[in-house]
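# Overview (structure and organization)
As a plain string of letters, each chain reads:
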Amino acid sequence: MFRPFFVRVAAQATHRPLALSNGYYARAFTDKASSSSSRHSVVTSLTKTCPSCGTFLPTALPVCSNCNYIARIHDSVSYHDILGLPYEPNPFIVDTALLKRRFIEAQRVSHPDAWATKSEFQRDVALHMSNTLNTAYKVLSSPLHRIEYILQRNGLMIAEADPLEDLELISEIMEVREEIETGDTERIRTLEEDNESKIREVVSAVTKCVAEKNWEETKVAAVRLKYLNGIAEAIKQRLDNM
């Protein structure tokens, strides 16, 4: 469960509490210096219409070109929500084509270049939002980063030192790494195909575990996926250097 945080602001700013979905409270701030007519807040939930002028928003972001409203997004809002993707019933299942389309649409309205002539506050928010979008896209595009993110949101972390508990897989990985160093192109291509098959199996297992909200088993599968991804990277590097 994420804990809310409070942001220090200048004396000019006013604030009002907003309830989070988990029952805690965050604060939404109005920056009076940036504009006398528009409100710029830290939002904890995303709406389909502009909170300032009521115009229908083209993306899931709190960004409105009609009245130049733009707001920071609270850390409790998921990357899925930011990019207009469903989190439930299974946040591990992501339509990558839709993800890319939503990312491009979101960057179009929030990119710093689109806010270059606005106030310093608005430019700062746009830069922060653009960076958040880049991170969200990178995380959700990768099955490994995606499951690490989902686990983190559920209170579990994958550390670099997390070991594999499957002794058979450990032995296989050691043997494959040796073959990567010594094998010819044909052999390495075969290793690549075998590893891709193993990755698909683990991704399938992760999908099932997440659907069941079995987070401990999800973490075990995620650690396996991390090691198999390492093999994939080693194979790619070896082929690139041949």
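Look above for the structure.
Parameters at a glance
Residues numbered from 1 in each chain as written. Predicted model: local features only at pLDDT ≥ 70, side-chain atom pairs only at ≥ 80, totals over all residues. Heavy atoms only, no water. Helix = DSSP H or I, 4+ residues; strand = E, 2+ residues; numbered from the N terminus. Buried < 20%, exposed > 50% of the residue type's maximum accessible area, 1.4 Å probe, protein only. Axes fitted to C-alpha atoms, helices over the stretch in contact; angles between N-to-C directions. Parallel < 35°, antiparallel > 145°, perpendicular 65-115°, else oblique. Left-handed = near helix turned anticlockwise from the far one by under 90°. Nonpolar A, V, L, I, M, F, W, Y, C, P; charged D, E, K, R; others polar. Contact = heavy atoms within 4.5 Å. Disulfide = S-S within 2.5 Å. Core = buried A, V, L, I, M, F, W, Y, C linked by side-chain atoms within 4.5 Å.

### Some details on the environment of Gln122
- Along the chain, Gln122 falls in helix H3 (residues 120–141).
- With relative accessibility at 6%, the residue Gln122 sits in the buried group.
- Separated by 50 residues in the primary sequence, Gln122 and Arg72 place their C-alpha atoms 9.6 Å from one another.

### Quick notes on the packing of helix H6 (residues 185–211) against helix H7 (residues 215–240)
- Look at H6 against H7: their axes get within 9 Å of each other, and the N-to-C directions meet at 160°. Here H7 runs roughly antiparallel to H6, going by the angle between their axes. Seen from above, H6 lies across H7 with left-handed handedness.
- Here the contact of H6 with H7 is composed, by residue class, of 17 nonpolar, four polar and six charged.

### Some remarks on the side chain of Thr218
- Topologically, Thr218 is positioned in helix H7.
- Residue Thr218 is classed as buried on the basis of its relative accessible area of 0%.
- Setting aside its immediate chain neighbours within four residues, Thr218 contacts Ile147, Leu151, Cys209 and Val210.

### As for the state of the cysteines
- A full pass over the atoms with the stated rule returns zero disulfides.
- Here Cys67 is not disulfide-linked; the sulfur of Cys50 is the nearest cysteine sulfur, at 3.6 Å.
- Classification of Cys67 by relative accessible area gives partly exposed; the value is 21%.

### Here we look at the nonpolar core
- In this structure, Leu61 and Leu83 are the most contacted members of the largest nonpolar core, which totals 29 residues.
- Only strand S4 (63–64), strand S5 (69–70), helix H1 (79–82), helix H2 (96–110) and H3 provide two or more residues apiece to this core.
- It is H3 that contributes the most residues to this core, seven residues altogether.
- In this structure Leu61 touches Ile73, Ile82, Ala106, Val109, Ser110, Met129 and Leu133, once residues within four positions along its chain are discounted.

### Focus: helix H4 (residues 143–153)
- Considered for burial, the residues of H4 that qualify are Leu144, Arg146, Ile147, Tyr149, Ile150 and Leu151.
- Taken together, the buried residues of H4 touch H1, H3, H6 and H7.
- Phi turns positive, to about 85°, at Gly155, one or two residues after H4.

### Here's the deal with unusual backbone geometry
- The omega torsion across Glu88 and Pro89 is 5°, close enough to zero to call that bond cis.
- Topologically, Pro89 is positioned in the loop between H1 and H2.
- Backbone geometry at Asn68 places phi at a positive 65°, although glycine is not the residue there.
- A positive phi angle is found at Lys213, which is not glycine, with a value near 55°.
- For Lys213, the location among the structural elements is in the loop between H6 and H7.

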